[in-house]
Amino acid sequence: MRAGVGLDVEAAKATPRLAEQLRVDDLRQSGWTVTGPQQEDDGLLWVRASKRFSTPGQATEVMNELGGIDGPFRDLTLRQDRTLLKSRTTFSGVVDLSGGMSTFLDPDLKAKLGDTFKPDEGAFRFAVTARFPGGTKEWSPPLGQKTVLHASAESWRLVPVVPAMVALLCAAAAILLVVRRRRRA
């Protein structure tokens, strides 16, 4: 799971001490890796946070950490169904940006800012990207709206197939060896 905030040149100039001002100890204590702020190839100054998971259940927990209880990300789930040869991964949820930019402010910060916080909401772009075996899907949820997310993809499961193929080839070789020995005898 990865989340990021990218600042354009103007926003970066307005926050020259961003690296000193960021409070990310709580993220790190809960297992998130935080990088940045650093300038990237797209010209934006990025701060990124990521956290690994190994099961769909853990993915759902991490996604819930990302948005918090009243955050913009709702009912995010990752599901994986496997057959012998294929794996189907499904991602779904809702991004609720109906509260505009205030959606991203915690209650204490909202109270401190009061009515003084009036961002140019047209200057913000949000993207949600789901990458999983067999597919990638991206959404750009607009401020002021709810966006339903749903994507699924199938991929071949070569891991269980390879040992079966090796076993089958070994059995075939053993049978051929027995047949040859009997013919010689």
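One can find the structure itself at the top, above this paragraph.
Criteria and cut-off values
Residues numbered from 1 in each chain as written. Predicted model: local features only at pLDDT ≥ 70, side-chain atom pairs only at ≥ 80, totals over all residues. Heavy atoms only, no water. Salt bridge = Lys/Arg side-chain N within 4 Å of Asp/Glu carboxyl O. Buried < 20%, exposed > 50% of the residue type's maximum accessible area, 1.4 Å probe, protein only. Phe/Tyr/Trp six-rings, centres within 6.5 Å; stacked < 30°, edge-to-face > 60°. Helix = DSSP H or I, 4+ residues; strand = E, 2+ residues; numbered from the N terminus.

(A) Just the pattern of salt bridges, in detail. The full count for this structure, using the stated rule, is seven salt bridges. Among the ionic pairs, Glu 40 bridges to Arg 48, the shortest N-O distance being 3.0 Å. Accessibility expressed as a relative area gives 18% for Arg 48, which makes it buried. Of the charged contacts, one joins Asp 81 and Arg 79 as a salt bridge, the two residues approaching to 3.2 Å between their closest N and O atoms. Take Arg 79: its relative accessible area is 52%, and that puts it in the exposed class. Linked by salt bridges that have partners in common, Lys 86, Arg 88 and Glu 154 make up one network.

(B) Quick peek at the packing of aromatic side chains. Within this structure, the stated rule accounts for one aromatic pair. Ring geometry for Phe 91 against Trp 139: centres 5.8 Å apart, planes inclined by 40°, an arrangement best described as tilted. Of this pair, Phe 91 sits in strand E5 (residues 86-96) while Trp 139 is found in strand E7 (residues 135-139), placing the two residues 48 residues apart along the sequence. Both residues of the pair, Phe 91 and Trp 139, count as buried.

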